[in-house]
Amino acid sequence: METDKRNCKVCDETIHGRRDKQFCSDHCRATYYNNLNSDITTFMRRINYTIRKNRSILCRLNPNGKARVHRMRLVDSGLNFDYYTNVYKTRNGKTYYFCYDQGYLELEDDFFALVVKENYVG
Ligand SMILES: [Zn+2]
């Protein structure tokens, strides 16, 4: 006899009944779909969206892999400086902010250097 044990995606109870059931009860199904639209999910989606948007802005302003742009150009493009995927500090104290492979570094006089990380690994 084939054992086809599945567990509820919400409470981890063993599910009885149809093979395609994902939840042990209507209550757990409702909980699951409510959580999909919960505040934290919305919040995380918004951040993910902002970072992806930041990346495409940086991409567009930096088609050749290296560029120097004024802060106002970044602001006008809609870059949100609060969100990035990672920060890279060099030994001489410079701080690069990355949105995935696209990064920027603040220079003097409100200018920024745009860079692209080659062989992006994380
Ligand atoms: Zn359940």
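The rules behind each value
Residues numbered from 1 in each chain as written. Predicted model: local features only at pLDDT ≥ 70, side-chain atom pairs only at ≥ 80, totals over all residues. Helix = DSSP H or I, 4+ residues; strand = E, 2+ residues; numbered from the N terminus. Rg over C-alpha atoms; globule rule 2.2 N^0.38 Å. Buried ≥ 20, exposed ≤ 12 C-beta atoms within 10 Å, placed from the backbone. Contact = placed C-beta atoms within 7 Å. Pairing = 2+ DSSP bridges. Core = buried A, V, L, I, M, F, W, Y, C linked by C-beta atoms within 7 Å. Domains from an automatic or database assignment. Axes fitted to C-alpha atoms, helices over the stretch in contact; angles between N-to-C directions. Expected span 1.5 Å × (residues − 1).

Asker: Is there a simple way to explain the overall build of the chain in this structure?
Answerer: Helices and strands together make up the secondary structure of the chain, namely 3 helices and 7 strands. Tracing the chain from N to C terminus, the helices and strands come up as β-β-α-α-β-α-β-β-β-β. Relative to the compact-globule value of 14 Å for 122 residues, the chain shows a C-alpha radius of gyration of 22 Å, a clear excess of over 25%. Projected onto its principal axes, the C-alpha positions of the chain cover 70 × 30 × 25 Å. Counting over 122 residues, the chain shows a buried share of 13%. In the chain, 37% of the contacts between residues at least 6 apart in sequence involve partners at least 24 apart.

Asker: Looking at this structure, how should I read the environment of Y88?
Answerer: By secondary structure assignment, the location of Y88 is in strand β4 (residues 86-89). Y88 sits in the partly exposed class, given 13 other C-beta atoms within 10 Å. Taking the C-alpha atoms as reference, Y88 lies 41 Å from C8; in sequence the two are 80 residues apart. Each residue touching Y88, except ones within four places of it in the same chain, is listed here: Y96 and F98.

Asker: I keep staring at the pairing of strand β5 (residues 95-99) and nothing clicks. Help me out?
Answerer: Relative to β5, β4 runs antiparallel, the two being bridged by 4 bridges. In the strand pairing of β5, Y88 is matched with Y96. Hairpin geometry of β4 and β5 is characterised by an intervening segment of 5 residues between the two adjacent antiparallel strands and by a positive phi of about 85 degrees at G93. Sheet analysis places β5 next to strand β6 (residues 102-106), joined by 4 bridges and oriented antiparallel. When the bridges of β6 are listed, Y97 appears paired with Y104.

Asker: Quick question: what am I supposed to make of the nonpolar core here?
Answerer: General note: in soluble globular proteins, nonpolar side chains tend to be found buried as a group. Ranked by size, the top nonpolar core spans 10 residues in total: I57, L58, L74, L79, Y84, F98, C99, Y104, F112 and L114. Beyond its immediate chain neighbours, meaning those up to four positions away, Y84 contacts I51, N54, Y97, F98 and C99.

Asker: How should I be thinking about the domain arrangement of the chain in this particular structure?
Answerer: It is common to give the size of an interface as the accessible area lost on bringing the parts into contact. The domain boundaries assigned to the chain delineate domain 1 (6-37) and domain 2 (52-116). In this structure, domain 1 and domain 2 have C-alpha centres spaced 43 Å apart.

Asker: Mind showing me how you'd approach the sheet that holds β5 here?
Answerer: As a general point, the strands of a sheet are linked pairwise by backbone hydrogen bonds and lie either parallel or antiparallel. In space, the 5 strands of this open sheet follow the order β3-β7-β6-β5-β4, with antiparallel pairing throughout. Single-partner strands in this sheet number two, and they are β3 (66-70) and β4. Across this sheet, the average inter-strand angle for adjacent strands is 25 degrees, counted without regard to direction.

Asker: What am I meant to see in unusual backbone geometry here?
Answerer: Most peptide bonds take the trans form, and the phi angle of most residues other than glycine is negative. In this model, Y100 sits at a positive phi of 60 degrees, which is unusual for a non-glycine residue. Relative to the assigned elements, Y100 resides in the loop between β5 and β6.

Asker: What am I meant to see in helix α2 (residues 39-61) here?
Answerer: Since the α-helix advances by 3.6 residues per turn, residues separated by three or four positions end up pointing in the same direction. Taking 1.5 Å of rise per residue, 23 residues should cover 33 Å, and α2 covers 33 Å from first to last C-alpha, within 8% of that figure. In this fold, the buried residues of α2 make contact with α3 (71-77), β5, β6 and β7 (111-116).

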